[in-house]
There are 2 protein chains.
Amino acid sequence: MDSHMEKPYVVGIDIGGTNTVFGIVDARGNIVLNGAVKTDAFKDNINDYVDGVCRCLLPLIEAKGGVEKIKGIGIGAPNGNYYSGTIEFAPNLPWKGVIPLAAMFEERLGIPAALTNDANAAAVGEMTYGAARGMKEFIMITLGTGVGSGIVINGQVVYGHDGFAGELGHVIVRRDGRPCGCGRKGCLETYCSATGVARTARELLAARTDASLLRNIPVESITSKNVYEAAVEGDEIAMEIFSTTGRILGEALADFIAFSSPEAIVLFGGLAKSGHYIIDPIRRAIDDNVLAIFKGKAKLLVSELKDSDAAILGASALAWELKDIDN
Amino acid sequence: MDSHMEKPYVVGIDIGGTNTVFGIVDARGNIVLNGAVKTDAFKDNINDYVDGVCRCLLPLIEAKGGVEKIKGIGIGAPNGNYYSGTIEFAPNLPWKGVIPLAAMFEERLGIPAALTNDANAAAVGEMTYGAARGMKEFIMITLGTGVGSGIVINGQVVYGHDGFAGELGHVIVRRDGRPCGCGRKGCLETYCSATGVARTARELLAARTDASLLRNIPVESITSKNVYEAAVEGDEIAMEIFSTTGRILGEALADFIAFSSPEAIVLFGGLAKSGHYIIDPIRRAIDDNVLAIFKGKAKLLVSELKDSDAAILGASALAWELKDIDN
């Protein structure tokens, strides 16, 4: 009997430093009910946090027929370790050390739970409901405050020996380049995250004297959205910011292709939605830098999941493969 | 019934531009019989080549009880595509285009055959008989005339969408760096292959004026073995050549660790046998460059297979997993 019939829903929980969002998702990727709590309202005690989430989540589960209708819970969280179901030393979360979060939810709700980092969850979401449906070989790149990645090989997310594989935002693209929050220098995310775009904007505006719409914005508050809007108006500095960002990202993607030769690279995040201003230079840099044997092979795709839904969908997708607890 | 009992042997064939070596291998990795033909003696016709190899190989097979004792044939070849069993546009082999070599051997000998490139074969060999026995997550790096790689994730070699994944010798380590045979610039193999070491030697000897044992050797014929011998004598330039080479390789390995977080990196080839002169700077560069979350995790190992046996063993190891043709 098809278990989707018996247990037609999964739960997705996405944990961020400020907010935790969750939802009940059906097999076609519709979020049928959803909710949220403030993560930092429970910063003193992880038990209170899990209780707080369950208090808001249980009425949603009851409304869809109770826990027996839920196949599993998928959790996306920074520094999430898939193997152990723990969050380990996450700098952006209030709780310190190693936290067995998957087990805590399993115990309270009696539903099996799996946990991974947000970029891996995004990759599973894209494979289950989005642009990578049916693909067995692709790389997900999330362009947000940082740059995250989820690598899928042979239909499986690559977790590595320790559960933490796929940190492509911290591949070094410029030896002794920009300082990174990780303590090293020249990481991809210092150039190609939303924050990296803003740094490039500040550098370019300081180095050049020509007019730019971006000069009307306080330099410390320029966002990649501002750059996009200026580029649409034909602003040359804005277009150069995207072409620099896209070139550095495309050069890095060419190296990633040499690693796993994926069918596609899927980009997610606000920056990825900046259309041809960013996609064209990325594609050009891939073509210019990829080894001949890989030329023209890997597709460059943009996520098909709505920004507002993606975090819940990605986390929820993890849960479809979970086995029942009493199995 | 254990199929190793019924069919106790595999055949390994390693195809190089000059020589083809082959052997019959038992389940413990002993080469029980072996032979060789000149690859370039058959450069005009691939059919003559396959006939030539079979003519030398069949008596060895007969001596061990005939084709019914052979589980399969594994072939290591440049530009070998595992999925299709073909060699595709290999620049160092005499035959042009796409050659269905696995099928040609299968047809002539009635034994199932699999084919991949030499570095992937080396990875399977190391996993089956060598330093990576029992490991499910490791990266094999072959340091020869070029730099090759075989990536193992979840116990499987990564072939990618097209069969050609794992070209880590062509990751760019210096943007606009040394010209590479692949037509691009700054590839890892232009610095860390045996040829790369010789290039570094020539650069350093030209840039510096202090005495060196290497100055007694015609500069165009310096090999990594010469550099090793000079380093053993305490030659400072030789030690600097190794420390530069090791640093560049270690920096690249730190990025590879961010990709697949392997249990180990296994180095193979003459350069890898240069002991602490090369291993220490590699290890130091990994420690200095790896993301904090991966620090101290991946082991750095040197291949346990004898150079003279490794090519045949690696290719042969592919064959243990083959299914019988009449299955």
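A brief report on the enclosed structure follows. (Residues numbered from 1 in each chain as written. Chains lettered and ligands numbered in written order. Predicted model: local features only at pLDDT ≥ 70, side-chain atom pairs only at ≥ 80, totals over all residues. Heavy atoms only, no water.)

**As for unusual backbone geometry**
Residues and elements named next belong to chain A. Convention followed: Strands are runs of DSSP state E lasting at least 2 residues, helices are runs of H or I lasting at least 4, and numbering of each runs from the N terminus.
Despite not being glycine, Asn-79 shows a phi value in the positive range, around 55 degrees. Within the secondary structure layout, Asn-79 lies in the loop between strand E4 (70-76) and strand E5 (80-81). We note that Ser-261 has phi near 40 degrees; this positive angle belongs to a residue other than glycine. Here Ser-261 shows up in the loop between helix H8 (236-260) and strand E12 (264-268).

**A word on the sheet that holds strand E6 (residues 86-88) of chain A**
Residues and elements named next belong to chain A. Our working rule: What makes two strands pair is DSSP finding at least two bridges between them.
Judged by pairing direction, the sheet is antiparallel, and its three strands sit side by side in the order E5-E6-E7 without closing on themselves. Every other strand in the sheet has two partners, leaving E5 and strand E7 (98-99) as the edge strands with one partner each. Here E6 runs beside E7; their pairing, made up of two bridges, is antiparallel. Bridge pairing links Ile-87 to Ile-99 in E7.

**Let's talk about helix H4 (residues 118-129) of chain A**
Residue and element names in this part refer to chain A. Note the following rule: To estimate the expected span of a helix, count its residues, drop one, and scale the result by 1.5 Å. Accessibility here uses a 1.4 Å probe with only protein chains present; expressed as a share of the type maximum, an area under 20% marks a residue as buried, one over 50% as exposed, and anything in between as partly exposed. In protein, a polar contact means a hydrogen-donor-capable atom and an acceptor-capable atom, both N or O and within 3.5 Å, with residues adjacent in sequence counting only if both atoms are side-chain atoms; elsewhere, any N or O pair within 3.5 Å suffices.
For H4, spanning 12 residues, the distance from its first C-alpha to its last is 16 Å, which sits close to the expected 16 Å at 1.5 Å a residue. Of all the 12 residues making up H4, 10 are buried; the element is thus mostly covered by neighbouring parts of the structure. Regarding H4, the residues found buried are Ala-119, Asn-120, Ala-121, Ala-122, Ala-123, Val-124, Gly-125, Glu-126, Met-127 and Tyr-129. Of the residues flanking the start of H4, the one acting as N-cap is Asn-117, its side-chain oxygen 3.0 Å from the backbone nitrogen of Ala-119.

**A word on the pairing of strand E2 (residues 19-26) of chain B**
If a strand is regular, its side chains alternate between the two faces of the sheet. Residues and elements named next belong to chain B. Across the eight residues that make up E2, a large majority, six, are buried. With seven bridges joining them, strand E1 (residues 9-15) and E2 adopt antiparallel strand pairing. Its bridge partner lying in E2, Val-11 is registered against Ile-24. Counting the residues that bridge the hairpin from E1 to E2 gives three residues. Inspection of the sheet shows E2 paired to strand E3 (residues 31-38) by seven bridges, in the antiparallel sense. Bridge pairing links Val-25 to Ile-31 in E3. Counting the residues in the hairpin turn of E2 and E3 gives four residues, including Gly-29, whose phi is positive at 85 degrees.

**A short note on the relation of the copies chain B and chain A**
As a reminder, the rule being used: Copy-to-copy superposition: least squares on the C-alpha atoms, limited to residues that have pLDDT of at least 70 in both copies. Pairs of residues are marked as contacts when any of their non-hydrogen atoms sit within 4.5 Å.
Here chain B sits on chain A after a turn of 180 degrees about the axis and a move of 0.0 Å along it, with an RMSD of 0.0 Å. Both copies are brought into coincidence by an operation consistent with a two-fold rotation axis. Both copies present the same face, since 100% of the interface residues in chain B are matched by interface residues at the equivalent positions in chain A.

**Looking at the pattern of salt bridges**
What counts here: Put simply, a salt bridge is a Lys or Arg side-chain nitrogen that is within 4 Å of an Asp or Glu carboxyl oxygen.
Across all of its chains, the model carries 27 salt bridges over all chains by this definition. The shortest N-O distance in the salt bridge between Arg175(A) and Glu251(B) comes to 3.4 Å. Of this pair, Arg175(A) sits in the loop between strand E11 (156-157) and helix H5 (189-192) while Glu251(B) sits in helix H8 (residues 236-260), on two different chains. Here Arg175(A) falls in the partly exposed class, since its relative accessible area comes to 32%. For Glu251(B), a relative accessible area of 8% puts it in the buried group. In this structure, the salt-bridge partner of Asp307(B) is Lys273(B), at a minimum N-O distance of 2.7 Å.

**A closer look at the nonpolar core**
As a reminder, the rule being used: Within this scheme, the nonpolar core is defined by two criteria: the residues are buried Ala, Val, Leu, Ile, Met, Phe, Trp, Tyr or Cys, and they are joined through side-chain atoms within 4.5 Å.
Ile141(A), Phe256(A), Ile141(B) and Phe256(B) are the most contacted members of the largest nonpolar core, which totals 100 residues. Not counting residues within four places of it along the chain, the set of residues in contact with Ile141(A) comprises Val147(A), Gly148(A), Ser149(A), Leu168(A), Leu253(A), Phe256(A), Ile265(A), Val266(A), Leu267(A) and Phe268(A).

**Observations regarding the environment of Asp14(B)**
Residues and elements named next belong to chain B. Mapped onto the elements, Asp-14 comes out in strand E1. Relative accessible area serves as the criterion here: at 16%, Asp-14 is assigned to the buried category. Each C-alpha atom, one on Asp-14 and one on Ile-75, is 5.8 Å from the other, the two residues being 61 residues apart in sequence. Apart from residues no more than four positions distant in its own chain, Asp-14 is found in contact with Asn-19, Thr-20, Val-21, Gly-76, Asp-118 and Ala-311.

**Points about the side chain of Glu189(A)**
Residues and elements named next belong to chain A. The following threshold applies: Only four residue types enter the charge count: Lys and Arg as positive, Asp and Glu as negative, with His and the chain ends excluded.
The topology assignment puts Glu-189 in helix H5. Of the side chains bearing the opposite charge, Arg-199 lies closest to the buried Glu-189, which forms no salt bridge; the N-O distance is 7.7 Å. Apart from the residues within four sequence positions on either side, Glu-189 is in contact with Gly-146, Val-147, Gly-169, His-170, Cys-180 and Gly-196.

**A short note on the packing of helix H7 (residues 224-232) of chain A against H8(A)**
Residue and element names in this part refer to chain A. We count it as follows: For helices, the axis comes from a line fit to the C-alpha atoms of the stretch in contact; other axes are also lines fit to C-alpha atoms, and the angle between any two N-to-C directions lies between 0 and 180 degrees. These descriptions rest on fixed angle ranges, namely under 35 degrees for roughly parallel, over 145 for roughly antiparallel, 65 to 115 for roughly perpendicular, and the rest for oblique. Rotating anticlockwise by less than a right angle from the far helix to the near helix defines a left-handed crossing, while the corresponding clockwise rotation defines a right-handed one.
In the contact formed by H7 and H8, the axes pass within 7 Å of each other and the chain directions differ by 120 degrees. With respect to their mutual orientation, H7 and H8 come out oblique. Viewed along their axes, H7 and H8 form a crossing whose handedness is left-handed. The segment H7 lies against H8, with Ser-224, Val-227, Tyr-228, Ala-230 and Ala-231 engaging Ala-238, Met-239, Ile-241 and Phe-242.

**Quick look at the pairing of strand E13 (residues 299-302) of chain A**
All names here are of chain A. Convention followed: The crossover handedness rule: strands pointing away from the viewer, path from first strand over the helix to second strand clockwise, crossover right-handed.
One ladder, built from four bridges, connects E12 with E13; its direction is parallel. Each residue of the ladder has a partner; that of Leu-267, found in E13, is Val-302. With respect to chirality, the unit in which E12 leads through helix H9 (residues 276-289) into the neighbouring parallel E13 is right-handed.

**Side note on the packing of H8(A) against H8(B)**
Following both chains from N to C, one finds H8(A) and H8(B) inclined at 70 degrees, their axes separated by 12 Å at the closest point. One way to sum up the angle between H8(A) and H8(B) is to call them roughly perpendicular. Of the two elements, H8(A) crosses H8(B), and the hand of that crossing is right-handed. Residue-level contacts link Phe256(A), Phe259(A) and Ser260(A) of H8(A) to Phe256(B), Phe259(B) and Ser260(B) of H8(B).

**Examining the packing of aromatic side chains**
Using the following cut-off: Side-chain rings of Phe, Tyr and Trp (the six-membered ring for Trp) are treated as a pair once their centres are within 6.5 Å; stacked means planes under 30 degrees apart, edge-to-face means over 60, and tilted covers the remaining angles.
All chains considered together, the criterion is met by 15 aromatic pairs over all chains. Between Tyr228(B) and Tyr277(B) the ring centres are 6.0 Å apart and the planes differ by 75 degrees, which places this aromatic pair in the edge-to-face class. Taken together, the residues span a long stretch of sequence, with Tyr228(B) in helix H7 (residues 224-232) and Tyr277(B) in helix H9 (residues 276-289) at a distance of 49 residues. On the accessibility criterion, Tyr228(B) (30% relative accessible area) is partly exposed. Among the aromatic residues, ring-to-ring pairing joins Phe256(A), Phe259(A), Phe256(B) and Phe259(B) into one connected group.

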